[in-house]
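Chain and residue survey
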Amino acid sequence: MKKNIYIHVGFGKTGTTTIQNFFSRERQALIKEGILYPRAGQLNSGHHLLALLDYEAIPNKAAEEYNKVLKEIHASSCDKIVISSENFCFMKNQYVAQIHEIFNEFETTIIFYYRPQPELIESTYMEWIKTNKKYTKTIDQFFKIHVNSFDFNIRIAPWSNSFGDTRIVVRPYKFNADERWDSQIDFLQTIQASPNILSHATPKESNRFNPSLSPAFCKLIFLVDDLAPDPQIRQKMISQMVELSTLMSNDKTPTLLSPKLKDKIEKYYKKSNKLLFKKYGGLDV
């Protein structure tokens, strides 16, 4: 009987860190339930060493990690294996084709989470500000530059090309829409984990392992960065703003998206989203 590999490919800002932290924290309990979360390929809590960005094909340093993962899988009695990195959804065709070849002996399922693009674009933009990436453009310009990054069909295409549409599972991220929804539990149910391991999930609050920065602080951060502070001082200030953000009511949190931009984003992805849900099922966004 073939082992089952579940590759969680993202999208980022859809509870990925929560899911990865859960699987790292509960590794031994999961093994008892027949689920392996390999130690090989991990950086922090995700398998980011297996999903190196900006490579056409798997580089040698990642290939070494894949070999370690295979050894770990073969040495384990677990029949389910979970591999997770939000970077996977930005892998190129040849890179994914090689992943398919590496795991060809197993039954592989690709798990992809989505959320409405206006939410996702704003959340990603604020994450870039929080982590001090190159965000010097306005959010309007950010959308224009990265427009293809948020097209779910483009992100899934390399995986569909190599593994086939029937191996793709598309799931909605409902954190902002349903207070009862939990990313850990949804993922565990998707891989048909036992009720016992479901009881290990820490409900709801753990969805904030990677808390978002409120748009309310955006202009303040721009002013801070104009002063070019020491990186450590900047990080301390950002940490305080993130802490304050978690105390703010979502209902009162302002948005950086103008009604015009929000409408533009929704219209831009409407056709692509319909195709996505027609192919893979899901809820319209």
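Heads up: these notes are all about the structure in this document. Counting restarts for each chain: residues are numbered from 1 in the order of the written sequence. Given that the model is predicted, a residue must reach a pLDDT of at least 70 before its local features are reported, and side-chain atom pairs must reach 80 or more before they are shown or counted; all residues, however, enter totals for whole chains, interfaces and linings. Computation of side-chain values: all heavy atoms of the structure, hydrogens and water removed.

1. Side note on the environment of Glu243
For the purposes of this entry, the term helix denotes a DSSP run of H or I that reaches at least four residues, the term strand denotes a run of E that reaches at least two, and both are numbered from the N terminus. Note on placement: Glu243 falls in helix H11 (residues 231-247). Relative accessible area decides the class of each residue, using a 1.4 Å probe on protein chains only: under 20% of the type maximum gives buried, over 50% gives exposed, and in between gives partly exposed. For Glu243, a relative accessible area of 48% puts it in the partly exposed group. For Glu243 and Tyr37, which are 206 residues apart along the polypeptide, the C-alpha to C-alpha distance reads 30 Å.

2. Observations regarding the pairing of strand S1 (residues 4-8)
Most of S1 sits inside the fold, with four of its five residues counted as buried. In this sheet, strand S4 (residues 107-114) lies alongside S1 in parallel orientation, the contact comprising five bridges. By the bridge assignment for S4, His8 is matched with Ile111. Pairing between strands requires that DSSP locate at least two bridges from one strand to the other.

3. Side note on helix H1 (residues 16-25)
Judged by how many residues are buried, H1 sits mostly within the fold: seven of 10 residues are covered. When H1 is considered as a whole, its buried residues turn out to be Thr16, Thr17, Thr18, Ile19, Gln20, Phe22 and Phe23.

4. Side note on the packing of aromatic side chains
A pair of aromatic rings is counted whenever rings of Phe, Tyr or Trp (Trp by its six-membered ring) have centres within 6.5 Å, and the orientation is called stacked for planes under 30 degrees apart, edge-to-face for over 60 and tilted otherwise. A full pass over the atoms with the stated rule returns 21 aromatic pairs. Taken together, a centroid distance of 5.3 Å and an interplanar angle of 35° make the contact between Phe23 and Tyr37 tilted. Note that Phe23 is positioned in helix H1 and Tyr37 in the loop between strand S2 (35-36) and helix H3 (60-75), a separation of 14 residues in sequence. By relative accessible area, Tyr37 is classed as buried at 1%. Among the aromatic side chains, those forming a connected cluster through ring pairs are Phe11, Phe90, Phe112, Tyr114, Tyr125, Trp128, Phe142, Phe150, Phe152 and Phe277.

5. Here we look at the sheet that holds S4
The five strands are arranged S2-S3-S1-S4-S5 in an open sheet whose pairing can be described as parallel. The open sheet is flanked by S2 and strand S5 (168-172), the only strands paired with a single partner. The pairing of S4 with S5 spans five bridges and is classified as parallel. Bridging across to S5, Phe112 finds its partner in Val170. Any two residues having at least one pair of non-hydrogen atoms within 4.5 Å are treated as being in contact. Axis geometry follows a simple rule: fit a line to the C-alpha atoms, using only the stretch in contact for helices, then measure angles between N-to-C directions, giving values from 0 to 180 degrees. Across the sheet, helix H7 (residues 152-163) lies against S1, S4 and S5, angled at about 175° from S4, the strand it touches most.

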